[in-house]
Amino acid sequence: MDTRLTLSNRLENLKPLIRYVQKWAEDRGLSPNHRCSLEKAAADIFRHLVTYAYQPDQPGSISVSLEERGPRLRLMFEDDAAPHNASRLPAPDGLALSGCRLDEGLPQLAESLVYFRTADRKNRMIVFLT
């Protein structure tokens, strides 16, 4: 089942996002490795969107949905910022997430990443993790 969380585009919303991801992962009994990968990917993408997709002090919202697709996890972000370059996700800044190691970048975690602009002028980024 698809679940969705919508947050304002503020870095202080990183903690509620991580709590949401942790609960979703725990409810499904994901292994610690899968949980850490999912937390890290969600944090990196959210931080990227807040920092690079929006102009300073520009209000906006970011929706996140999580779904199991067989052995893969589907992480979808949707934002209302102007189109942006999703391929330039920055390296992690060292934020510790529940004891997860943050020395891998998103390209090492993701099986695939798709970014597109929707007809209703939203940006959608879909990441599949194995």
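Keep in mind it's a predicted model, so treat the numbers as computed, not measured.

So, about the pattern of salt bridges. All chains considered together, the criterion is met by 10 salt bridges. Residues Arg74 and Glu67 are paired through a salt bridge, measuring 3.3 Å at the closest nitrogen-oxygen approach. In terms of burial, Arg74 and Glu67 fall into one category: buried. The closest approach of N and O atoms between Arg124 and Glu78, which form a salt bridge, is 2.3 Å. Taken together, the residues Arg124 in strand β5 (residues 123–129) and Glu78 in strand β3 (residues 72–79) connect sequence positions 46 residues apart.

Turning to the packing of helix α1 (residues 14–27) against helix α2 (residues 32–53), a few remarks are in order. The description of two helices packed together rests on the angle between their axes and the distance between the axes. At a closest axis distance of 10 Å, the pairing of α1 and α2 adopts a crossing angle of 150°. In terms of orientation, α1 lies roughly antiparallel with respect to α2. Here α1 and α2 pass one another in a crossing that is right-handed. Between α1 and α2, the contacting residues are Leu14, Leu17, Ile18, Val21, Gln22, Trp24 and Ala25 on the first element and Arg35, Leu38, Glu39, Ala42, Ala43, Phe46 and Arg47 on the second.

Throughout the structure, instances matching the rule amount to zero aromatic pairs. Over the ring of Phe128 we find Arg72, and its NZ or CZ is 4.1 Å from the ring centre.

Before going further, it helps to examine the side chain of Asp44. Relative to the assigned elements, Asp44 resides in helix α2. For Asp44, the side chain forms a polar contact with the side chain of Arg47, separated by 3.3 Å.

Next up on the list: the pairing of β3. Look at any regular strand and the pattern is simple: side chains alternate between the two faces of the sheet. When you tally the buried positions in β3, you get seven out of eight residues, the bulk of the element. Sheet analysis places strand β2 (residues 61–69) next to β3, joined by eight bridges and oriented antiparallel. Within β3, the position partnered with Val64 by the bridge is Phe77. Taken together, β2 and the strand that follows it, β3, pair antiparallel across an intervening segment of two residues, in which Gly70 is found at a positive phi of about 65°. Bridging between β3 and β5 involves seven bridges; their strand directions are antiparallel. When the sheet's bridge partners are listed, Leu75 is paired in β5 with Val127.

Among the nonpolar cores identified, the biggest contains 31 residues, and Leu17, Leu38, Phe46, Ile62, Leu75 and Phe77 are the most heavily contacted of them. Breaking this core down by element, the ones donating at least two residues are β1 (3–8), α1, α2, β2, β3 and β5. Here this core gets nine residues from one element, more than from any other, and that element is α2. Once residues lying within four places of it in the same chain are set aside, the contact partners of Leu38 are Val21, Trp24, Leu30, Leu66, Leu73, Leu75 and Leu129.

The rules we used
- Residues numbered from 1 in each chain as written.
- Predicted model: local features only at pLDDT ≥ 70, side-chain atom pairs only at ≥ 80, totals over all residues.
- Heavy atoms only, no water.
- Salt bridge = Lys/Arg side-chain N within 4 Å of Asp/Glu carboxyl O.
- Buried < 20%, exposed > 50% of the residue type's maximum accessible area, 1.4 Å probe, protein only.
- Helix = DSSP H or I, 4+ residues; strand = E, 2+ residues; numbered from the N terminus.
- Axes fitted to C-alpha atoms, helices over the stretch in contact; angles between N-to-C directions.
- Parallel < 35°, antiparallel > 145°, perpendicular 65-115°, else oblique.
- Left-handed = near helix turned anticlockwise from the far one by under 90°.
- Contact = heavy atoms within 4.5 Å.
- Phe/Tyr/Trp six-rings, centres within 6.5 Å; stacked < 30°, edge-to-face > 60°.
- Lys NZ or Arg CZ within 6 Å of the ring centre and 35° of its normal.
- Polar contact = N/O pair within 3.5 Å; in protein donor to acceptor, adjacent residues only side chain to side chain.
- Pairing = 2+ DSSP bridges.
- Core = buried A, V, L, I, M, F, W, Y, C linked by side-chain atoms within 4.5 Å.

Purely geometric numbers; function is a separate question.
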